[in-house]
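What follows is the residue order along each chain.
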Amino acid sequence: MAPERMGSGIACRNTYEGTVLTLWGDIDALLRENASEAMATLAARPDPDPVIVDARDVTFIDSSGVAFILQVFVLGEETGSPVQLREPSAVVMEVLDMVGISQRIPVVRSAGASA
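Keep in mind it's a predicted model, so treat the numbers as computed, not measured.

Caption draft 1: Representation of the pairing of strand 4 (residues 83–86). Where strand 3 (residues 51–61) meets strand 4, four bridges bridge the pair, whose relative direction is parallel. If you follow V51 over to strand 4, its bridge partner there is V83. Bridge count for strand 4 against strand 5 (residues 107–108) is two bridges, and the pairing is parallel. Paired with L85 across the bridge in strand 5 is V107. As a crossover connection, the stretch from strand 4 through helix 3 (residues 90–99) into strand 5 is right-handed.

Here it is in structure tokens:
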């Protein structure tokens, strides 16, 4: 999955912190293939490294985007991989609050970020 940094996308990369999923732009049904590739990459990992979902650049998220984030979280629970939602945009938090799962997923913000 090559991040094109234009428009919208989902990219997956391994770092010293664990596996980082970067989401940007509109996270919706048009990214189904990217989401499937990311899930396959996560499922194929040999050990339960942490998973960080970086959602700071998300400008829109629909039910398929919420379902993707929830699937990542559930996969983490099943495999023993801690999952964190890093710096989620206000749009992401608003939708997660609306569907009642914002308290279920650990959110990590930098010290200077507002809640």
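Caption draft 2: The confidence of the model for the protein, seen in detail. The share of residues in the protein with pLDDT of 70 or more is 90%, and the mean pLDDT across the chain is 88. The low-confidence segment residues 1–5, where pLDDT is below 50, has twelve contacts with residues more than four positions distant or belonging to other chains.

Caption draft 3: Inspection of unusual backbone geometry at higher detail. Notably, E87 is not glycine yet its phi reads approximately 50 degrees, a positive angle. Summarising the element assignment, E87 is placed in the loop between strand 4 and helix 3. On the basis of relative accessible area, E87 is assigned to the buried category, the value being 13%.

Caption draft 4: Quick look at the side chain of R45. You can see R45 is positioned in the loop between helix 1 (32–43) and strand 3. Notably, R45 is buried but unbridged: the nearest opposite-charge side chain belongs to D49, and the N-O separation is 5.2 Å. Among the polar contacts listed, one links the side chain of R45 to the side chain of T19, at a separation of 3.3 Å. A polar contact is formed between the side chain of R45 and the backbone oxygen of D49, at a distance of 3.0 Å. Look past the residues within four positions of R45 in its chain and what remains in contact with it is T19, P50, V51, T79 and S81.

Caption draft 5: How the structure looks around the environment of D47. With respect to the helices and strands, the residue D47 is situated in the loop between helix 1 and strand 3. The exposure class of D47 is partly exposed, given its relative accessible area of 38%. C-alpha separation for the pair D47 and G80, spaced 33 residues apart in sequence, amounts to 8.9 Å.

Caption draft 6: A look at the environment of V51. Among the secondary structure elements, V51 is positioned in strand 3. Judged by its relative accessible area of 3%, V51 is buried. For V51, the residues in contact, after removing those within four places along its chain, are T19, L21, L42, R45, V72, S81, P82, V83 and Q84.

Caption draft 7: The arrangement of the nonpolar core in detail. Counting residues in each nonpolar core, the largest one holds 29 residues, and the members touching the most others are I10, L21, L23, V53, F68, V72 and L85. Among the elements of the structure, strand 1 (9–15), strand 2 (18–27), helix 1, strand 3, helix 2 (63–79), strand 4 and helix 3 are those that each provide at least two residues to this core. The element contributing the most residues to this core is helix 2, with six residues. Setting aside residues no more than four positions away along its own chain, V72 makes contact with L21, M39, L42, V51, V53 and V83.

Thresholds applied
- Residues numbered from 1 in each chain as written.
- Predicted model: local features only at pLDDT ≥ 70, side-chain atom pairs only at ≥ 80, totals over all residues.
- Heavy atoms only, no water.
- Pairing = 2+ DSSP bridges.
- Helix = DSSP H or I, 4+ residues; strand = E, 2+ residues; numbered from the N terminus.
- Right-handed = clockwise from strand over helix to strand, strands pointing away.
- pLDDT = per-residue confidence, 0-100.
- Contact = heavy atoms within 4.5 Å.
- Buried < 20%, exposed > 50% of the residue type's maximum accessible area, 1.4 Å probe, protein only.
- Lys, Arg positive; Asp, Glu negative; His and termini not counted.
- Salt bridge = Lys/Arg side-chain N within 4 Å of Asp/Glu carboxyl O.
- Polar contact = N/O pair within 3.5 Å; in protein donor to acceptor, adjacent residues only side chain to side chain.
- Core = buried A, V, L, I, M, F, W, Y, C linked by side-chain atoms within 4.5 Å.

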